[in-house]
Amino acid sequence: MILLLNGSFRGSKSNSNYFLDLLEKELAEECERVHLNQVKDIEVLVAKIKEAGALVIGMPLYVDGAPAQIVELMETLYSQYRKEFGNLPVYIISNLGFYESTQIGIQLEIVKNWCSKMEFLYGGGLAVGAGEMLGSLRNVPPDKGPNRKLGEGVKKFAAAVSGRKEIQDIYVGPAGFPRRLYIMAAHMGWRNMAKQNKLVKRELYRKRV
Ligand SMILES: Cc1cc2nc3c(=O)[nH]c(=O)nc-3n(C[C@H](O)[C@H](O)[C@H](O)COP(=O)(O)O)c2cc1C
């Protein structure tokens, strides 16, 4: 069994969960999904990790690092359970708001270091840039249009997970969609959100005393 652990606070509606869905479609093995924000009993999760042949953690990038509930899990597993697991292969699918997936590199390094302390095998990461955009294109097939690089990345990543192989981290983003356009679209999104929240420009620039 491959344990797919969703570390996003948004749970089943998250981009992380969707990227785990894409991965699961490529895996021929039984998978079990756990949403970390629904875990009430750490012992139950620990038992599932022990049972798993591989662990895939899906999560977003938060402030260039991992979400607090993932950090907490890493600390708990290290301080209380580290002698209880074998050489478990661990893989990461991470996404971020910014366009450049390379910004996820630091988070992957953090997981790599944790894996080495846990004596887990760090299998590799799939870093997805423009996660909010690619996460919203769920009706576009994963090998088409802006999803093309994501689709290729997921296939390569799934092959590594299936074979419990170590691979170089994979960095993907929207295909054929320029960064400049992405930033323009993001700015439009912020402006609309500000409007919905009744924020006006002069309020944003107002000097506070
Ligand atoms: C508290 C917080 C911190 C974030 N920090 C970053 C960041 O450092 N860099 C970035 O590109 N995106 C950042 N984001 C954006 C998320 O990574 C992005 O929205 C992602 O798609 C969320 O994925 P999810 O739906 O799986 O939770 C942050 C979002 C939140 C809520």
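Residues numbered from 1 in each chain as written. Predicted model: local features only at pLDDT ≥ 70, side-chain atom pairs only at ≥ 80, totals over all residues. Heavy atoms only, no water.

Caption draft 1: Highlighting the site of the ligand. Taken together, 15 residues lie around the ligand, and Ser8, Arg10, Ser16, Asn95 and Glu132 are the ones closest in. Contact distances for the ligand include 2.7 Å between an oxygen atom and a side-chain N or O atom of Arg10. The separation between a nitrogen atom of the ligand and a polar main-chain atom of Val63 is 2.8 Å. Coverage of the ligand by the protein chains reaches 75% of its 650 Å² of free accessible surface. Its residues assigned to classes, the shell around the ligand comprises 6 nonpolar, 6 polar and 3 charged. (Near = heavy atom within 4 Å. Polar contact = N/O pair within 3.5 Å; in protein donor to acceptor, adjacent residues only side chain to side chain. Areas by Shrake-Rupley, 256 points an atom, 1.4 Å probe, with all protein chains shown as cover. Nonpolar A, V, L, I, M, F, W, Y, C, P; charged D, E, K, R; others polar.)

Caption draft 2: Molecular detail of the packing of helix 3 (residues 68-81) against helix 4 (residues 105-118). Contact geometry of helix 3 with helix 4 gives a least axis separation of 10 Å together with a crossing angle of 15°. What the angle tells us is that helix 3 and helix 4 run roughly parallel. Crossing geometry of helix 3 relative to helix 4 is assigned as left-handed. Mapping the contact onto sequence places Met74, Leu77 and Tyr78 in helix 3 and Ile110, Val111, Trp114, Lys117 and Met118 in helix 4. Within the contact of helix 3 with helix 4, the residues separate by chemical class into 7 nonpolar, no polar and 1 charged. (Axes fitted to C-alpha atoms, helices over the stretch in contact; angles between N-to-C directions. Helix = DSSP H or I, 4+ residues; strand = E, 2+ residues; numbered from the N terminus. Parallel < 35°, antiparallel > 145°, perpendicular 65-115°, else oblique. Left-handed = near helix turned anticlockwise from the far one by under 90°. Contact = heavy atoms within 4.5 Å.)

Caption draft 3: Inspection of a nonpolar patch on the surface at higher detail. Residues Phe9, Tyr62 and Val63 make up a contiguous nonpolar surface patch of about 330 Å² in total accessible area. Note that Val63 resides in the loop between strand 3 (54-60) and helix 3. (Patch = residues over 30% accessible without salt bridge, like charges linked within 9 Å, V, L, I, M, F, W, Y side chains within 5 Å. Salt bridge = Lys/Arg side-chain N within 4 Å of Asp/Glu carboxyl O.)

Caption draft 4: Highlighting the environment of Tyr99. Relative to the elements of secondary structure, Tyr99 occurs in the loop between strand 4 (89-95) and helix 4. Along the primary structure Tyr99 and Ala130 are separated by 31 residues, whereas in three dimensions their C-alpha atoms are 4.4 Å apart. Ignoring sequence-local partners within four residues, the contact set of Tyr99 consists of Gly129, Ala130, Pro174, Phe177, Pro178, Arg179 and Tyr182. A distance of 2.5 Å separates a polar atom in the side chain of Tyr99 from the backbone oxygen of Phe177.

Caption draft 5: Seen up close, the packing of helix 1 (residues 15-26) against helix 6 (residues 148-163). The interhelical angle for the contact between helix 1 and helix 6, taken along N-to-C directions, is 55°, at an axis separation of 9 Å. Relative to helix 6, the element helix 1 is oriented oblique. Between helix 1 and helix 6 lies a crossing of right-handed hand. The residues of helix 6 that touch helix 1, namely those facing Phe19, Leu22, Leu23 and Glu26, are Leu150, Val154, Lys155, Phe157 and Ala158. Grouping the constituent residues of the contact of helix 1 with helix 6 by class yields 7 nonpolar, no polar and 2 charged.

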